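Observations on the three-dimensional arrangement
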Amino acid sequence: MNASNGNGEVRIGFYICHCGTNIAGVVDCPAVAQYVAKLPGVVVSRDYKYMCSDPGQELIQQDIRAHQLNRVVVASCSPLLHEHTFRNAVAAGGLNPFYFQMVNVREHDSWVHTDRAEATAKAKSLAHAAIRRVRFHRALETTRVPIHPDVLVVGGGIAGIHAAITVANAGKKVFLVEREPSIGGHMAKFDKTFPTLDCAACILTPKMSAVRSHENITLWTYSEVVKVEGYVGNYTVTVKRKPRYVNEELCVGCQECLKACVFKEPKFPDEFNVGLNKRKPIYIPFPQAVPQVVVIDPERCIQVKTGKCKQTCLEACADRHAIDFSQKEELVEIKVGNIIIATGFKLFDAKRIPQYGYGLYPNVVTSIELERLVTSSGPTAGEIVLRDGRKPKSVGFILCVGSRDMKTNRWCSRTCCMHSMKLAQLVREHTDADVTVFYLDIRAPGKGCEEFYDRSLKEGIQFVRGRVAEVTDWALAPEEEGKLVIRVEDTLAGFVRRIPVDMIVLAVGMEPQADAQDVRRLFNMSCGSEGWFLEKHPKLAPVSTFTDGVFIAGCCQGPKDIPDSIAQAGAAAAEAMALIDKGYIEQEPNTAYIVEEDCSGCKSCIPLCPFTAITFDEAKQKAHINAALCKGCGTCVAACPSGSIKQNLFEDEEIFSEIEGVLTYA
Amino acid sequence: MDRLLAVLGAEVVHFPLKTKCCGGSLTGTVPEAGLRLTYILLKEAVRRGADVIAAICPLCQFNLDAYHDQINRRWGRTRIATVYFTQLMGLAFGLPAEQLGLKRNFVPMKPLPIEPATL
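Residues numbered from 1 in each chain as written. Chains lettered and ligands numbered in written order. Predicted model: local features only at pLDDT ≥ 70, side-chain atom pairs only at ≥ 80, totals over all residues. Heavy atoms only, no water.

1. Brief notes about the overall build of chain B
Basically, it comes down to this: We count a stretch as a helix when DSSP gives it H or I for four or more residues in a row; a strand needs E for two or more, and each element gets its number in order from the N terminus. In this setup the radius of gyration rests on C-alpha atoms only. A globule is expected at 2.2 Å times the number of residues raised to 0.38. Between two residues, a contact is recorded if the distance between any of their heavy atoms is within 4.5 Å.
In terms of regular secondary structure, chain B is built from 6 helices and 2 strands. Written out in order from the N terminus, the α and β elements of chain B read α-α-α-β-α-α-β-α. Over its C-alpha atoms chain B spans a radius of gyration of 14 Å, differing by no more than 12% from the 14 Å that the globule rule assigns to 119 residues. C-alpha atoms of chain B, sized along the principal axes, occupy 45 × 25 × 25 Å. By sequence separation, contacts in chain B at least 24 residues apart represent 66% of the contacts at least 6 residues apart.

In structure tokens:
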């Protein structure tokens, strides 16, 4: 480092950026530069069109060399955007990068003011404050913390699966934790995918098997993350492994136990088939389940509930001894460096819109129920039938159920238009029913999707534009008897229509998971007002969160289709791998530290730290701050009764001189 | 109201017309239109096997109760009582019919199949 970094004379260089007309349109930049030039300690004061450009940064470096500058202040945009840029420029000029201070005259000034004279005065006062502050800056060093190379993926839907495989293929160890007994998520329930009508199982199951067999992936199904501690590169995660009462290593999925269960007939709603058929207390979630291992439902199994069952399943399992009623809930602790959250979505509960009669009229079904009906491995072996077994002669699809609706959810769920058109085509394929789709707008923006809409029109599917008012069994005409009548204002034709159909399909939208708030707190993420996990930047950091080392992928971030989920999963995997392969995490030096001679050992600060970075040194009877854990929030600094906690870059003299700078500006 | 009356012991008939208009003030100003709306509700309630219609609004109650003569003359015999849901609550709580004003209707309510609980 340059000798001028020392405590001698302070030589400040000041630069105000025009940002095109973003700043210069409202603030008189040359006037600010002229004002600052006269302040004590300022050696160079300039205005420039784009400070963040290469010539702008070069200007700083040249001035540092030519004028022996040892402090630099740039007045431009938000530090979030370019603090790093300018710190790097200062470092390239030979100065410690923390001799730099940034003034935000764009977001805090030109963008929020219209009066040129007052905005210019404000820019001057902010610059004045920074000039006074920067004099007290000290040389600081960033610290490097090694990064743990393992990755945790939470959620075993298509996004989680893809993220796990991508990271594992790069040679990193992955823990994939899934709450349900099998991975596969929503996609496993689909028959075909739009717009290509690919068989969903045919493209998903190979990926599911790959997870199971991958040497770098540890798959924990029927498990949940319950505790997360640490920081980027060094997370300690506690995973709760729920007892499935079946040893995963020993079970081969022969399902002899299912036949032997004391429940002769399946009696309980099958979650995978959304309750359309029944299962036993011991079951395999679905034929392609991964792992291919049975599971025992603790709520239904007589042995688990009462301990008084004949345990015929044990006999059927015979020498294999896979069934184990002594299993207990287990807590496993793992260390990982990065976490990818892919916890997905839940479907809107159609009962919340009572006028559509879901739960009241048996032949009003949701889109996922029809999806199971149309699947050849589903409860009706691919037959689309009404509840009484008849084939429908007419089917109506109601779109935007729980989407684009001020009364329920305001957002567009993005996939239901295409999903409904896919189901409509499959209905046409499987039956000779007339199909009518009731829509607000058809949103088919994806690749090949508009073409798919065209094809739907050509195949004779009727489209009626208007939000359906109600579904009723009140027949007004003989042809309506025994049917469900859809009442809708056809907004293209301009009148109210009554359309009788046999079956109604509600295209239910996507919602954040019921426990999204708990998951958010667990991983220290943010949620938007709707409850979707918030990305760091909607454009430039779509899979990052505000917590370093925690990434989001798939529908937990917002509704999206399979290709978008896969794209995000790949992006999240790449972001995680970029951190891992760098090998270390560079930590900002804006951490708090204890002035030991002043610390009285009162321990007030210890419970206040949100990051558990403060410990108590019993030998010295002093508090100690672990800089690697400290996030620089300043809580302890403010709370310390003896003022013996200080924080780099936020020292008392820096803050006070900055405040004085604003107040004494003239 | 469905849920309230159900927990009070009534068997609530599924009635999709529960939010359809009773005719409002049209029964007085444009009787052809208003009475037709009233008639649709009465006919459908009878068709679905209801013993009594429960109402919240005084105008609904009046329209559905008071125009039976005119409706019967126009469209044939349709007869069903309409009372306030609060009157049915009173019955469930064991109050006497007289105190509940049940005898003041144009179309009296059928006697209950079982004795209401006494306080």
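There is more to say after this.
2. Description of the domain arrangement of chain A
Basically, it comes down to this: Domain start and end points were adopted from an automatic or database domain assignment.
Domains assigned within chain A are domain 1 (12-141), domain 2 (151-242 + 331-344 + 513-582), domain 3 (256-327), domain 4 (347-511) and domain 5 (592-647). Measuring from the centre of the C-alpha atoms in domain 3 of chain A to the corresponding centre in domain 5 of chain A gives 54 Å.

3. Some details on the sheet that holds strand E26 (residues 495-501) of chain A
Two orientations exist for strands paired in a sheet by backbone hydrogen bonds: parallel and antiparallel. Residues and elements named next belong to chain A. Cut-off, in case you're wondering: When DSSP locates at least two bridges between a pair of strands, those strands are taken to pair. For every element, the axis is a line fit to its C-alpha atoms; helices are fit only across the contacting stretch, and the angle between N-to-C directions ranges from 0 to 180 degrees.
Across the sheet, which stays open at both edges, the 3 strands sit in the order E24-E25-E26 with antiparallel pairing between neighbours. A single partner strand is all that each edge strand has here, and the edge strands are strand E24 (468-472) and E26. Averaged over all pairs of adjacent strands, the angle between strand axes in this sheet comes to 20°, irrespective of strand direction.

4. Brief notes about the nonpolar core
Residues and elements named next belong to chain A. The condition that has to hold: Side-chain atoms within 4.5 Å link the members of a nonpolar core, which is a set of buried Ala, Val, Leu, Ile, Met, Phe, Trp, Tyr and Cys residues. The classification of residues rests on relative accessible area computed with a 1.4 Å probe and restricted to protein chains. Under 20% of the type maximum is buried, over 50% is exposed, and intermediate values are partly exposed.
Membership of the largest hydrophobic core comes to 56 residues, with the highest contact counts inside it found for Leu176, Ile183, Val211, Ile217, Ile282, Val294 and Ile340. No other element matches helix H6 (residues 158-169), which puts 8 residues into this core. Of the residues that make up this core, three or more belong to each of domain 2 (151-242 + 331-344 + 513-582) and domain 3 (256-327). Ignoring anything within four residues of it in the chain, the contact list for isoleucine 282 reads Cys257, Leu258, Cys261, Val294, Val295, Ile296, Cys313 and Ile323. Formed by 42 residues, the second largest nonpolar core is a distinct cluster that contains Ile16, Val42, Val103 and Ala130.

5. Quick look at the pairing of strand E12 (residues 234-241) of chain A
All names here are of chain A. Here E12 lies mainly inside the structure; 6 of its 8 residues are buried. Direction of pairing for strand E11 (residues 223-231) relative to E12: antiparallel, over a ladder of 8 bridges. In the sheet register, lysine 227 faces E12, and the bridge partner there is threonine 238. Where E11 folds back onto E12 in an antiparallel hairpin, the turn is made up of 2 residues, including glycine 233, whose phi is positive at roughly 90°.

6. Focus: the packing of aromatic side chains
The criterion, for reference: Aromatic pairs are defined between Phe, Tyr and Trp rings, using the six-membered ring for Trp, whenever the two ring centres lie within 6.5 Å; interplanar angles under 30 degrees are classed as stacked, those over 60 as edge-to-face, and all others as tilted.
As enumerated under the stated definition, the model contains 11 aromatic pairs over all chains in all. Summarising the aromatic geometry, the rings of A:Phe263 and A:Phe268 are spaced 5.3 Å apart at their centres and angled 70° between planes, so their arrangement reads as edge-to-face. Across the pair, A:Phe268 and A:Phe263 agree in class, each one buried. Judged by centre distance (4.7 Å) and plane angle (10°), the rings of B:Tyr39 and B:Trp75 are stacked. Residue B:Tyr39 is located in helix H3 (residues 31-47), and its partner B:Trp75 is located in helix H5 (residues 68-75); the two are separated by 36 residues in the primary sequence. Taking the relative accessible area as the measure of exposure, B:Tyr39 reaches 14% and is therefore buried. The partly exposed category is assigned to B:Trp75, whose relative accessible area is 33%. An aromatic cluster of at least three residues, connected via ring pairs, comprises A:Tyr439, A:Tyr453 and A:Phe463.

7. Considering the interface of chain B and chain A
Here is the rule: Defined in terms of a 1.4 Å probe, buried area is the accessible area two parts forfeit on being brought together, summed over both. Any carboxyl oxygen of Asp or Glu within 4 Å of a side-chain nitrogen of Lys or Arg constitutes a salt bridge here.
Contacts between the two partners involve 8 residues from chain B and, on the opposite side, 7 residues from chain A. Counting each side, the surface lost to burial between chain B and chain A is near 610 Å², with a carbon and sulfur contribution of 51%. Here chain B is connected to chain A by 1 salt bridge. Of the charged contacts, one joins A:Asp473 and B:Arg48 as a salt bridge, the two residues approaching to 2.8 Å between their closest N and O atoms.

8. As for the sheet that holds strand E2 (residues 42-48) of chain A
All names here are of chain A. Taking strand neighbours across the sheet as the criterion, the 4 strands line up as E2-E1-E3-E4 in an open arrangement whose pairing is parallel. In this open sheet, the two strands that pair with only one neighbour each are E2 and strand E4 (100-104). With direction set aside, neighbouring strand axes in the sheet form an average angle of 15°. Pairing of strand E1 (residues 12-17) with E2, which is carried by 6 bridges, proceeds in the parallel orientation. Within the sheet, the bridge partner assigned to tyrosine 15 lies in E2 and is arginine 46. Sheet strands touched by helix H1 (residues 29-37): E1 and E2. Its angle to E2, the strand with the most contacts, is close to 180°.

9. Details of the state of the cysteines
Residue and element names in this part refer to chain A. Filter applied, for reference: Cysteine sulfur atoms are paired as a disulfide whenever they fall within 2.5 Å.
Taken as a whole and judged by the stated rule, the model has 1 disulfide over all chains. Through a disulfide, cysteine 199 is tied to cysteine 202; the S-S separation comes to 2.3 Å. The S-S bond linking cysteine 199 to cysteine 202 shows a torsion near 85°; that makes this disulfide right-handed. A relative accessible area of 27% means that cysteine 199 is categorised as partly exposed. The thiol of cysteine 261 is unpaired, and the distance to the nearest cysteine sulfur, on cysteine 313, comes to 6.6 Å. Lacking any disulfide linkage, cysteine 527 is separated from the closest cysteine sulfur, that of cysteine 556, by 9.5 Å.

10. Description of the pattern of salt bridges
All names here are of chain A. Counted according to the given criterion, the structure contains 43 salt bridges over all chains. A salt bridge links glutamate 9 to arginine 11, with the shortest nitrogen-to-oxygen separation between them at 3.5 Å. Its relative accessible area of 55% is what places glutamate 9 among the exposed residues. Between glutamate 511 and lysine 346 there is a salt bridge whose closest N-O contact spans 2.5 Å. Here glutamate 511, found in strand E28 (residues 510-512), pairs with lysine 346, found in strand E19 (residues 345-347); they are 165 residues apart in sequence, far enough to count as distant. Residue glutamate 511 is classed as buried on the basis of its relative accessible area of 5%. Judged by its relative accessible area of 29%, lysine 346 falls in the partly exposed class. Each of the salt bridges in this network shares a partner with another, and the network as a whole consists of Arg212, Arg241, Arg244 and Glu248.

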